[in-house]
Amino acid sequence: MKGIKLMKRIRTNHPVIVFLISLFPAIGVELELYYFSVHNITLPPEKLGYLVTLELLRKWLPSFFKYLLVPVFLVLLLSRFGSDFERGNLVLMLSKPLTRRRYFLNWVIEGLKLALASITGMVLSGALAMFLHGFEVRDYVLGSLALSLSLIGVIGIALLLLPLATSRDFGVVLGLGAFVILALAGELDYSFIPTVYLGKVLSIESEILISHRPVGELLALSLALSIAGMELFRLTELRGSRSLPAEVPVGVSSPLRGLYGVFLGLSLQSKRFIAFAVFSGLMALMKLPSLSKGYTHYGPAGLLNSLIFNLSGVPLPLVVLPLGTLSISSTIENGTARVLLSKPLRRKDFFLGTLLSDMVAVFLGTALYAGVLIAYAVHLGGGRRAVEIGLVFGVLVFLSLLYYLALGYLLSTLTGGRKALLTSILLAFLLDFAVPIAFMAVFGRSEEFTRKALYFPVPEVQHSVLASAVSPKKVLPPGPLVSLLNHKSNLSLIVIPTLLYLAASWLKFRKADLR
């Protein structure tokens, strides 16, 4: 009976949400067919079905796992556990005759439920879409099931980190940090790492074969991490919940200290954006092999062109948007905003001060990200030209990240809680990956691409247009940077939505009930 009550406390509607998110492969099937249609490519049904399956298993599903499901699983599990710990629910439940191992096993079950919901949605949606077009679905079903096992490895990592999540915000930071490290580790050669596993489990040649060794290594590692997490949780000292409003520094409430200085100090002490600076440096390291590859294949011209396209900021929005979502909502939910605004401080000063501090944090992270890439390009022989290109496109990265920060603020004021957090990760994936990939698949780098981009106020799409204006071909040196001024409309599609998001966020926050 107690186990049933415990499951009710832990149970959420997250499996349903994850199932709906995992219907994405059906869209991938339609986009691939649309690509063949607009390019007037006529193939026999068997060949067309094979190519669609190939693209799904080689391009769409790995990106879907790496940049959506991995952060979703990590953030959902760690933030939910951290929230229970922060509110004292964990200590309350364990004060009853309930063992820690039993409690931990219920989180294992919760993770497996999320994985099952995702696998079901992904396999059924893709297979049904292919079946309706008359394609063979066997290879897709087997391949997608093999790729889905990467989620078991992700759950093992989440369970290992679970005892460290002592608050919701810190759970989010842990989840995003684990996501960044997994993305960085994707370049290694160890198939037990979930992001590496995605590239090694399938052998795609004349037919699609499953390699069993990566499957065994991944499942063994997941089991080991789960056991280690359980033992770590069993040995962890539980001290009850933390009261975040009490963390407000003493002595900063006086108006004589400066309104913006108060909130600047508060926000810069936040672990969220300190972590962002670290994440930015790690993500820059992910891009270095691409610069080396460009230099090796095309010389100095290839190096500079590679620098331009790597300064798009991908996948930084997957970190900025969720952290921006927490900026306002966390202060409201934990009572910090109510405590501070009970003093002689206006809401406008609270909002603008928090925004200013977050902008500074994003600027520092962007500077570190761009600085690492520029320094490496100069090291390879890019010279002064690499510095000029890096500075200009570094500014574009900063503007793009401000776009996502403002969008995070809007989500934070509209919904708040885990709903806003999950929505932020989904939007980051759609805007930073799915929409640009689909856009490129349909239009390619053509004049039509430039025209259609004006209908999509998405930073990554606009960056592709601006990058193509300076770097039309990889083998040729980049053109003059002044040519960017001929695309003022594309620049405005990054800046104007940012201002609109911030304005809407302020209007909503001004009328928000902070009780």
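A quick note: this is a predicted structure, and the numbers were derived from the prediction, not measured.

## Remarks on the overall build of the chain
Thought 1: What the chain contains, in helices and strands, is 21 helices and two strands.
Thought 2: Buried residues in the chain amount to 55% of all 515 residues.
Thought 3: Taking all contacts inside the chain whose residues are at least 6 apart in sequence as the whole, residues at least 24 apart take part in 81%.

## Here's the deal with the pattern of salt bridges
Thought 1: For the coordinates displayed, the defined rule picks out 13 salt bridges.
Thought 2: Close ionic contact of lysine 200 with aspartate 189 constitutes a salt bridge, the shortest N to O distance being 2.7 Å. Here lysine 200 is found in helix H10 (residues 194-200), whereas its partner aspartate 189 is found in the loop between helix H9 (168-185) and H10, with eleven residues between them in sequence.
Thought 3: You can call aspartate 189 exposed: its relative accessible area is 57%.
Thought 4: Among the charged side chains, a salt-bridge network with shared partners connects Glu32, Glu55, Arg58 and Lys59.

## With respect to the packing of helix H2 (residues 14-21) against helix H4 (residues 45-87)
Thought 1: The contact between H2 and H4 brings their axes to 12 Å, and the two run at 175°. By the angle class used here, H2 and H4 are roughly antiparallel. Only Phe64, Leu68, Val72, Phe73 and Leu76 of H4 make contact with H2, whose side of the interface consists of His14, Val18 and Ile21.
Thought 2: When its residues are assigned to classes, the contact of H2 with H4 shows seven nonpolar, one polar and no charged.

## Brief notes about the environment of leucine 380
Thought 1: Relative to the assigned elements, leucine 380 resides in helix H16 (residues 347-380).
Thought 2: Separated by 84 residues in the primary sequence, leucine 380 and threonine 296 have C-alpha atoms spaced 10.0 Å apart.
Thought 3: Apart from residues no more than four positions distant in its own chain, leucine 380 is found in contact with Leu291, Ser292, Tyr295 and Leu303.

## Notes on the nonpolar core
Thought 1: Counting 142 residues, the largest nonpolar core has Phe73, Leu74 and Phe393 as its most contacted members.
Thought 2: In terms of residue count, the dominant contributor to this core is H4 (20 residues).
Thought 3: Non-local contacts of phenylalanine 393, meaning those with residues more than four positions away in its chain, are made with Ile308, Leu311, His463, Leu466, Ala467, Val470, Leu481 and Leu484.

## Details of the packing of aromatic side chains
Thought 1: Taken as a whole and assessed by the stated rule, the structure comprises 22 aromatic pairs.
Thought 2: Between phenylalanine 24 and tryptophan 60, the ring centres sit 6.0 Å apart and the planes meet at 55°, which makes this aromatic pair tilted. Within this pair, whereas phenylalanine 24 is found in helix H3 (residues 24-38), its partner tryptophan 60 is found in helix H4, the two being separated by 36 residues in sequence.
Thought 3: An angle of 25° between the planes, with centres 6.2 Å apart, marks the rings of phenylalanine 429 and phenylalanine 433 as stacked. Residue phenylalanine 429 and its partner phenylalanine 433 are both found in helix H18 (residues 417-443); the two are separated by four residues, about one turn of the helix. With respect to burial, phenylalanine 429 and phenylalanine 433 carry one shared label: buried.
Thought 4: In this structure an aromatic cluster arises from ring pairing among Phe24, Trp60, Phe64, Phe65, Tyr67, Phe179, Phe429 and Phe433.
Thought 5: Just above the ring of phenylalanine 233 sits the side chain of arginine 100; from NZ or CZ to the centre is 5.8 Å.

## Looking at helix H11 (residues 212-235)
Thought 1: Compared with an ideal rise of 1.5 Å per residue, which puts 24 residues at 34 Å, H11 spans 35 Å between its outermost C-alpha atoms and is within 8% of the ideal.
Thought 2: Every buried residue belonging to H11 is among Pro214, Val215, Leu218, Ser222, Leu225, Ser226, Gly229, Met230 and Phe233, and all of these are buried.

## With respect to the environment of valine 52
Thought 1: Examined against the element boundaries, valine 52 turns out to sit in helix H4.
Thought 2: For the pair formed by valine 52 and leucine 31, sequence separation is 21 residues and the distance between their alpha carbons is 9.6 Å.

## Notes on the side chain of serine 144
Thought 1: For serine 144, the position within the fold is in helix H7 (residues 138-148).
Thought 2: Those residues in contact with serine 144 that sit more than four places away from it in its chain are Leu57, Leu61, Met122 and Val123.

## Quick notes on the confidence of the model for the chain
Thought 1: A residue-level look at the chain finds 84% of positions with pLDDT of 70 or above and a mean pLDDT of 82.
Thought 2: Of all helices and strands in the chain, the one with the weakest mean pLDDT is helix H1 (residues 2-10) (47), whereas helix H8 (residues 150-161) scores best (95).
Thought 3: Scored below 50 in pLDDT, residues 1-10 makes 17 contacts in the model with residues more than four places away or belonging to other chains.
Thought 4: Note on residues 240-259: pLDDT is under 50 here. Beyond four places in sequence and across chains, it has 29 contacts.

Conventions used here
- Residues numbered from 1 in each chain as written.
- Predicted model: local features only at pLDDT ≥ 70, side-chain atom pairs only at ≥ 80, totals over all residues.
- Heavy atoms only, no water.
- Helix = DSSP H or I, 4+ residues; strand = E, 2+ residues; numbered from the N terminus.
- Buried < 20%, exposed > 50% of the residue type's maximum accessible area, 1.4 Å probe, protein only.
- Contact = heavy atoms within 4.5 Å.
- Salt bridge = Lys/Arg side-chain N within 4 Å of Asp/Glu carboxyl O.
- Axes fitted to C-alpha atoms, helices over the stretch in contact; angles between N-to-C directions.
- Parallel < 35°, antiparallel > 145°, perpendicular 65-115°, else oblique.
- Nonpolar A, V, L, I, M, F, W, Y, C, P; charged D, E, K, R; others polar.
- Core = buried A, V, L, I, M, F, W, Y, C linked by side-chain atoms within 4.5 Å.
- Phe/Tyr/Trp six-rings, centres within 6.5 Å; stacked < 30°, edge-to-face > 60°.
- Lys NZ or Arg CZ within 6 Å of the ring centre and 35° of its normal.
- Expected span 1.5 Å × (residues − 1).
- pLDDT = per-residue confidence, 0-100.

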